[in-house]
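Breakdown of the fold
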Amino acid sequence: MERTPLLPLPEGMLIDEIQITENGLVIAVIATHPTSCCPLCSDLSSSIQSHYRRVLRDVPCAGRQVQLFLTVRKFYCRNPLCPRKIFTERLPSFVEPWARMTIRYCQQITSIGLATCGKGGVRLATRLGIQTTRQTILRRVMDLPDALPASIVYLGVDDFSFRRGCRFGTVLVNLESRRVVDLLSDREAETSAAWMRQHPDLMAVSRDRGGEYASAAREGAPQAIQCADRFHLLKNLREALEGLLARHLSTQCKRQTQVILEEEVPTWQSERAVRISPNLERLQQSRREERLARYAQVIALRKLDLSQAAIARQVGIGASTVQSWLAAGTFPERKPREQASHVDRYLPYLFKRWEDGCHNIACLFRELVEQGYQGSYESVRDNLVRLLPTGRKNPAHSSLKAPALATSRQASFLFLRRPEKLRVEEQDTLAKLRQLHPEVDLAYDLVQQFAQMLRTRTGEHLDAWLTQAASSKLPELQSFAVGVERDKDAVRNGLT
Ligand SMILES: [Zn+2]
């Protein structure tokens, strides 16, 4: 009989025998303490009535499953006043009465459950030598006592989706403990307001920029100050910036395509008014424009017999995208089309004219306008570019030598990063992007100033920044500034 530091046991328990089996270790343990306490009257007794064996799972030993054959005893209670005559020996810190696993084994399963989930937990546990089921793991987690409902002073509120993009709920976070304190079944202002009313200690509510949670906080926690959370502020700013960059990058792409095609653009078409639409729609539109411009560039380069890899480098997109675009034959829309391009109706006519031998895009465009076409020259051009004959001579244009800069999305992240943390090639890209247009350069200065306010929590500069943005003539940043202006107190709190 021995005790070993490798398998700690409560006092009075000794290892009798260790067997190695196919499934792991079977360890026979016997209880040797001369006395035990009656669970009813707490009197000590040394009168053993009988022995019996319990089979328990225990924590694995070096990855091997461990089964304990535990021999314990029944004692007589000698207290004449105690109604219990016979009791079984208890091992309170080691195993619950009737349980089939040790307490430490339970605790390990709970920890696995908290760190993973039911299914993932089973996979991990098996690797660790713990045999369990999904249901056991979930039961262990659900058996944990609820944390005491402490008062919440700083609350974070945001939405989450039950099914992506379909149904939304609200998640409430205690910002001090960084723990989720509750989930609500929807994201209506009234539901959140009702929750906040039950928590009168709230002093600050951090929320996104949407109006629902703002009005929830106004209704439910008027005593609390509201902060626009910095994540959403930065997200909104980045999206505004992405729209602006997409606008300029697509212009740049179109210019390059024109160089490749050696064509003349009707001048009265090159200046088109920026369409004013809600932010998101405008961003989507700009993104689509940019993608379409890249598509046209891909097709044009293909006509020059460039390899797919070379096209990918040149246009700044992945080789697999180039491949799928070339295979698609037409511009692959990203979503089901909400608004079909104006030109679609005229495509049969266009293609027929092309077949008949008219290859002058500007001329075809004029014909379409005469028929009532209201779309852009670029749409016509982008649709015709793939009909061009292949193998045209490779013009030695400088635009073919410099690869593309970045997509608007990549560029927008680049613009927001700390300049001192950029790698050399990123600094190079940034410098080139800023040279695209004075607007881009100005936008860079503005977003950097805003990001700086955010990092250093210097909300006192907000008013000055808003004035600059409003007078910048950059529509994307102006509309971001208008949004901030509407929610200025919360934004300033978020920046301070
Ligand atoms: Zn007793």
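A few points on the structure. Since this is a predicted model, take the numbers as computed values, not measurements.

**Regarding the coordination of the zinc ion**
- Those protein atoms acting as donors to the zinc ion are Cys-38 (SG), Cys-41 (SG), Cys-77 (SG) and Cys-82 (SG), and they sit at 2.3 to 2.4 Å.
- One can describe the site at the zinc ion as tetrahedral: its four donor atoms subtend angles covering 101 to 115° at the metal.
- Mapped onto the polypeptide sequence, the residues donating to the zinc ion form the spacing pattern C-x2-C-x35-C-x4-C.
- When its relative accessible area of 22% is taken as the criterion, Cys-41 is described as partly exposed.

**As for the side chain of Ser-36**
- Looking at where Ser-36 falls in the secondary structure, it is placed in strand E3 (residues 36-37).
- When its relative accessible area of 7% is taken as the criterion, Ser-36 is described as buried.
- Beyond its immediate sequence surroundings of up to four residues, Ser-36 is in contact with Asp-43, Leu-44, Ser-45, Phe-75, Phe-87, Glu-89 and Arg-90.

**Observations concerning the packing of aromatic side chains**
- Summed over all chains, the structure comprises ten aromatic pairs.
- Judged by centre distance (6.0 Å) and plane angle (90°), the ring pair of Trp-465 and Phe-480 falls under edge-to-face. Placement of Trp-465 in helix H17 (residues 462-470) and of Phe-480 in helix H18 (residues 475-486) is noted, with a sequence separation of 15 residues between them. Each member of the pair Trp-465 and Phe-480 is classed as buried.
- Grouped by ring-pair contacts, the aromatic residues Tyr-295, Trp-325 and Phe-331 constitute a single cluster.

**Some words on the environment of Arg-57**
- Along the chain, the position of Arg-57 falls in strand E5 (residues 48-61).
- Taking C-alpha positions, Arg-57 is 9.0 Å from Phe-69, a pair spaced twelve residues apart along the chain.
- Separated by 3.0 Å, the side chains of Arg-57 and Gln-131 make a polar contact.

**Remarks on the pattern of salt bridges**
- With the rule as written, the count across this model stands at 25 salt bridges.
- The residue Glu-289 makes a salt bridge to Lys-254 at a minimum N-O spacing of 3.0 Å. Highlighted residues: Glu-289 in helix H8 (residues 279-303) and Lys-254 in helix H6 (residues 230-261), separated in sequence by 35 residues.
- On the basis of relative accessibility, which here comes to 10%, the residue Lys-254 falls in the buried class.

Here is what the cut-offs are and how they apply
- Residues numbered from 1 in each chain as written.
- Predicted model: local features only at pLDDT ≥ 70, side-chain atom pairs only at ≥ 80, totals over all residues.
- Heavy atoms only, no water.
- Donors = N, O, S within 2.8 Å, 3.2 Å for Na, K, Ca; no water.
- Tetrahedral: all angles 85-135°; square planar, octahedral: opposite > 155°, others 65-115°.
- Buried < 20%, exposed > 50% of the residue type's maximum accessible area, 1.4 Å probe, protein only.
- Helix = DSSP H or I, 4+ residues; strand = E, 2+ residues; numbered from the N terminus.
- Contact = heavy atoms within 4.5 Å.
- Phe/Tyr/Trp six-rings, centres within 6.5 Å; stacked < 30°, edge-to-face > 60°.
- Polar contact = N/O pair within 3.5 Å; in protein donor to acceptor, adjacent residues only side chain to side chain.
- Salt bridge = Lys/Arg side-chain N within 4 Å of Asp/Glu carboxyl O.

Nothing here speaks to function; it is all geometry.
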